[in-house]
Amino acid sequence: MTSRRLNQLSCYWKKKLGQQDWSIIISFVDIQDMHQSDNVGECLVQLCDKSGVIKILRDNASDHEIEWRIIHEYLHVVFCDLVPRDKIKAQLFEAGIDRTARTLIGFKYGKKI
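No experiment lies behind these values; they were computed from the predicted model shown. (Residues numbered from 1 in each chain as written. Predicted model: local features only at pLDDT ≥ 70, side-chain atom pairs only at ≥ 80, totals over all residues. Heavy atoms only, no water.)

*Asks:* How do you make sense of the packing of helix H2 (residues 63-78) against helix H3 (residues 87-109) when you look at a structure like this?
*Replies:* When two helices pack together, their arrangement is given by the angle between the helix axes and by the axis-to-axis distance. Taken N-terminus to C-terminus, the directions of H2 and H3 make an angle of 125°; their axes are 9 Å apart at the nearest point. One way to sum up the angle between H2 and H3 is to call them oblique. Between H2 and H3 lies a crossing whose hand is right-handed. Along its contact with H2, which presents His64, Glu65, Glu67, Trp68, Ile71, His72, Leu75 and His76, the element H3 presents Phe93, Glu94, Ile97, Asp98, Thr100, Ala101, Arg102, Leu104, Ile105, Lys108 and Tyr109. By residue class, the composition of the contact of H2 with H3 is nine nonpolar, four polar and six charged. (Axes fitted to C-alpha atoms, helices over the stretch in contact; angles between N-to-C directions. Helix = DSSP H or I, 4+ residues; strand = E, 2+ residues; numbered from the N terminus. Parallel < 35°, antiparallel > 145°, perpendicular 65-115°, else oblique. Left-handed = near helix turned anticlockwise from the far one by under 90°. Contact = heavy atoms within 4.5 Å. Nonpolar A, V, L, I, M, F, W, Y, C, P; charged D, E, K, R; others polar.)

*Asks:* Can you help me understand the side chain of Lys55 in this one?
*Replies:* For Lys55, the position within the fold is in strand E3 (residues 51-57). Of the side chains with opposite charge, Glu42 lies nearest to the buried Lys55, which makes no salt bridge, at 4.1 Å. Here Asp33 takes part through its backbone oxygen, which lies 2.9 Å from a polar atom of the side chain of Lys55. (Buried < 20%, exposed > 50% of the residue type's maximum accessible area, 1.4 Å probe, protein only. Lys, Arg positive; Asp, Glu negative; His and termini not counted. Salt bridge = Lys/Arg side-chain N within 4 Å of Asp/Glu carboxyl O. Polar contact = N/O pair within 3.5 Å; in protein donor to acceptor, adjacent residues only side chain to side chain.)

Honestly, it's all geometry; don't read function into it.
Next comes the structure, spelled out in structure tokens:
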């Protein structure tokens, strides 16, 4: 996927998820630029001024997988002030974001991705 396509999908999902008033910079990054080496996407937000950075791992993932990562990270923006501090609850929260992102992309393409 090209950076241009990444930005197009970012704009699409930003609008669909009601985040037009946020200033989000999205980009592909290499593994060494991720906060945790096992992440395929990361989202850093500043709630006070509705700004953020989304990093998507540059790898051999399919276009649908990259789109899922975009949605997943935008859902973190949507729910940024609801992240639980408890480790177990945080894992459940993350699983819910995963499932929601997969469901949204499935709705878009009319199939389970």
